Amino acid sequence: MTTQTLTLAKALGAGLRRAMTDDPTVMVLGEDIGRLGGVYRVTDGLQAEFGPRRVVDTPLAESGILGTAVGLAYRGYRPVVEIQFDGFVYVAFDQIVSQLAKMHARTNGAVKLPVTIRIPVAGGIGAAEHHSESPEAYFVHTAGLRVVSVATPQDAATVLRQAIACDDPVVFFEPKRRYHVKGEVDPDLPLDDAPPMGTARVVAPGDDVTLVTFGSHVATALDAAVAASDEGTSIEVIDLRSLSPIDHDTIAASVRRTGRLVVLHEGPRQAGVGAEIASVVTERCFEFLEAPPVRVTGYDIPYPPAKLETNQVPDLDRVLDGVDRVLGRAPSGSGATAGVEVGA
Amino acid sequence: MPSTMGSTSRDDLSRAGGARTETASGTTDGTTAGSTDDGWGGGAARTVGVLDEKGVRHPDPALDRWLTDVDAGDQEARATLLGLYEDMVVARRIDAEATALQRQGELALWPPLQGQEAAQVGSATALRDDDFVFSSYREHAVARRRGVTPVDLLRVWRGVTASGWDPYSVGMATPQVIIGAQALHGVGYALGIQADVERGVVAPVTGSSDDGTPAAVAYVGDGAMSQGDVNEAFVFAATWQVPYVLFCQNNQWAISEPVTLQSPVPLVQRASGFGVPGVRVDGNDVLAVLAVTREALHRARTGGGPTFVEAVTYRMGPHTTADDPTRYRDASELDAWAERDPIARLAAYLRAGGLLTDDDEARVREAADAVAAELRAGVVAIEDPTPLSVFDHVYAEPHPTVAAERAEHAAYLEGFADATGTTTTGTTTTDRAAQGADR
């Protein structure tokens, strides 16, 4: 095992390179991914190495990209599609939800569509409109798709390779706030030695509160755990890694010990991933709960302009506020810090 | 070739979808050519053909070169022509039987193809086994030509499955309901063929009349021409020059919307703006359809890139068995198109040449009736799938959420075992009620 220090973006590129080397049917398609190497340089150098027939600059039409990927997979290829920014995926929605996700079931299992859709996701970088979306709930809600969200450079490399090797379509979210964070990475790690793609991971052990999150907010959660420990509160942080399926067993095991759940994500709260986790925890761990689950999330508003985005993206203080609420140090309930009943 | 068809009424019908009341009868007298020029809206579009409405064969060198086998005048040519005729007759018979089965409650829904037999049989006959078809939901004659059995054709419409066949076993994807989505799948599949050839895992065929690589063909309708996916398919196919044919059956109607609502100019004109060769063919002329599809496939197979075919035809029946066309189109329009019936036209041509005898017709009719009888017996014998099969094939690899829900539903169904004597079929309200106070 040889590790290198890589940014998350470079680790993704290394994972792609490994997958393309291992399997000649892996093709990469997207806008500006060839000579430019992608707007985030994730595919930097791949076209020079593998040629323009395997690293394909597409016309600017996301539905066209996804529809093409469906056809390629039909023919036996493993396309890896880059959607340039999260907000651009919606024009490909039918091809993802009605075509890609359902084709295996529609053909009674005859057709497998191992398509990986890479999407730089979420905000916090002062971007333009439609460049800071958190659309994960749409895809988690769609049968036939797997949805993953990586938080570390090593996961970036290995989970991407697992997604490409998976015979199901996978929506692969890349936290764009974390693209430049560095870590030790073994891009060639045997996939059998890596945790399975659908599993969560406890990234900080704790006893008082279970804090579940994914993607860019794993870092926020770890900061919160450090800050809370200064006040004598022990937080267990779980990096979900997979949003479909959700590793409910790992979450439930933690909540049964801590009795308290905070779910943290940036996407809107209503029918979000946090709602699903709070529901399942309530169903499975009801008698262990010391307090109602708390959701610290983005609000149910359009993503705001850059100067206002700190009102939408949960930060350390909002996470600590959520921890206070689940511990009974502040009025309980999601979004009810002023004791105001909401949602009535 | 120069047009000798003076009247424009045929083309008025082609473009109007229905608002006009001219009839096609009388516009041809047997002396006109099949190919015509059209003065539709913003520009002219030539409609190529070789059989006129009376079934008279007219020369067109551009098309004739693709029809040397059917023009050969030998027994093989006769067999091919009779095969085209039989495929069309049987397709219409299957269509009629399916409509009857729907009326009798044996099918949930049926989208009839009547009127489009030549467009479908002609184009599908041009295909090789190693080509791949992505169709919409009305291409029953194409599916049959690919090898789908009539019973398999109807499974989806009986509501027992999402797919009546394995796409890889016949080289044809299962029907697409989202309008135009399949056009892009064909482009991607063709890109895969291109990649296969470059990687050396597929070798072009040599030494036959249709040499070259496999190709992908997508069938769409006139309504689909407005969809973004179809327009994106044009762009992607042109950019990559993939082996692809986009075959549009312009049957004049998208449910109640005439084709003029989709486009102020002939649909074929779209192609040139995308840099794709386009041809507009009389879709009720099976020989012309065969010829233009062969040419398009030849271009695809030999590195010439994609082609767009607009086959001008007519949906003689409703959009589906749930539709009522009398609400939006005149009976006179149907009468006019009946004069241009694709089967009658080929029959007239064959009879005039002594290639179709009374005995042949009787034999074909009997064959069609036999298919219909087999179809009916097969369809009514299809059993409902087991309830838990709804959890099959959601994912190709294990997924704990679906596994848990499957177990949950199995346990739920088990609860009816005492009342019904079965463990997996008791899902109806009646069964639940039978449980009475136990539940």
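It should be emphasised that the depicted structure is a prediction, and the values quoted were computed from it without experimental measurement.

What counts, and at which threshold
Residues numbered from 1 in each chain as written. Chains lettered and ligands numbered in written order. Predicted model: local features only at pLDDT ≥ 70, side-chain atom pairs only at ≥ 80, totals over all residues. Heavy atoms only, no water. Helix = DSSP H or I, 4+ residues; strand = E, 2+ residues; numbered from the N terminus. Contact = heavy atoms within 4.5 Å. Areas by Shrake-Rupley, 256 points an atom, 1.4 Å probe, with all protein chains shown as cover. Core = buried A, V, L, I, M, F, W, Y, C linked by side-chain atoms within 4.5 Å. Buried < 20%, exposed > 50% of the residue type's maximum accessible area, 1.4 Å probe, protein only. Pairing = 2+ DSSP bridges. Right-handed = clockwise from strand over helix to strand, strands pointing away. Lys, Arg positive; Asp, Glu negative; His and termini not counted. Salt bridge = Lys/Arg side-chain N within 4 Å of Asp/Glu carboxyl O. Polar contact = N/O pair within 3.5 Å; in protein donor to acceptor, adjacent residues only side chain to side chain. UniProt positions renumbered as here; feature names shortened; annotations may be inferred. Axes fitted to C-alpha atoms, helices over the stretch in contact; angles between N-to-C directions. Parallel < 35°, antiparallel > 145°, perpendicular 65-115°, else oblique. Nonpolar A, V, L, I, M, F, W, Y, C, P; charged D, E, K, R; others polar. Buried area = accessible area lost by both parts, 1.4 Å probe.

Engineer: Account for the overall build of chain B, with residues named and values stated.
Structural biologist: Each helix and strand counted, chain B has 18 helices and nine strands in total. Look at the contacts in chain B between residues 6 or more apart in sequence, and 73% of them connect residues 24 or more apart. About 16,900 Å² of surface is accessible on chain B, with carbon and sulfur atoms providing 52% of the total.

Engineer: Just give me the short version of the nonpolar core, but keep the residues and values in it.
Structural biologist: Membership of the largest hydrophobic core comes to 83 residues, with the highest contact counts inside it found for A:I277 and B:Y244. Sorting elements by how many residues they give to this core places helix α8 (residues 181-199) of chain B first, with eight residues. Here A:I277 is in contact with A:V212, A:L240, A:I246, A:I251, A:L261 and A:V263, once residues within four sequence places are set aside. Grouped together as the second largest cluster of nonpolar side chains are 71 residues, B:L67, B:L82, B:A98 and B:V217 included.

Engineer: Lay out the pairing of strand β9 (residues 307-312) of chain B with the relevant residues and their values.
Structural biologist: One face of the sheet, then the other: side chains in a regular strand alternate in exactly this way. Residues and elements named next belong to chain B. Buried residues dominate β9, accounting for six of its six residues. The pairing of strand β8 (residues 278-282) with β9 spans five bridges and is classified as parallel. In the strand pairing of β9, R280 is matched with E310. Where the polypeptide runs from β8 across helix α12 (residues 286-301) and back to β9, its parallel neighbour, the crossover connection is right-handed.

Engineer: Give me the lowdown on the side chain of A:D186, citing residues and values where you can.
Structural biologist: All names here are of chain A. Mapped onto the secondary structure, D186 falls in the loop between β8 (182-185) and β9 (201-204). Buried D186, no salt bridge; nearest opposite-charge side chain is R161, N-O distance 6.4 Å. Only 3.0 Å separates the side chain of D186 from the backbone nitrogen of D188, close enough to count as a polar contact.

Engineer: Hey, could you go over helix α4 (residues 117-125) of chain B for me, with residue numbers and the actual values?
Structural biologist: The element α4(B) is extensively covered by neighbouring structure, given that nine of its nine residues are classed as buried. Listing the buried residues of α4(B) in full gives B:E117, B:A118, B:A119, B:Q120, B:V121, B:G122, B:S123, B:A124 and B:T125.

Engineer: Explain the UniProt feature "domain: Dehydrogenase E1 component" (unreviewed entry) in chain B to me, and be specific about the residues and the numbers.
Structural biologist: Listed under "domain: Dehydrogenase E1 component" (unreviewed entry) in the UniProt record, and renumbered for this structure, are residues 87-370 of chain B. The span residues 87-370 of chain B is 48% helix and 11% strand, and its two end C-alpha atoms sit 13 Å from each other.

Engineer: Describe the packing of helix α3 (residues 62-74) of chain A against helix α9 (residues 228-240) of chain B, with residues and values.
Structural biologist: Running from N to C, α3(A) and α9(B) point in directions that differ by 70°, and their axes come no closer than 9 Å. It follows that α3(A) is roughly perpendicular to α9(B) by the angle criterion. Contacts from A:S63, A:G64, A:I65 and A:T68 of α3(A) reach α9(B) at B:D229, B:E232, B:F236 and B:W240. For the contact of α3(A) with α9(B), a count of residues per class yields three nonpolar, three polar and two charged.

Engineer: Before we move on, can you summarise the interface of chain A and chain B with the specific residues and values?
Structural biologist: Taken together, the contact between chain A and chain B spans 47 residues of the former and 43 residues of the latter. Summing both sides of the interface, chain A and chain B together bury roughly 3,500 Å²; the carbon and sulfur share of this comes to 54%. Together, A:Y74, A:R75 and A:R106 form the three largest contributors to the area buried by chain A at its contact with chain B, with a combined 21%. At the boundary of chain A and chain B, one finds two salt bridges. Residues A:R53 and B:E198 are paired through a salt bridge, measuring 3.1 Å at the closest nitrogen-oxygen approach. Applying the counting rule to chain A against chain B returns 27 residue pairs in polar contact (both at pLDDT 80 or more).

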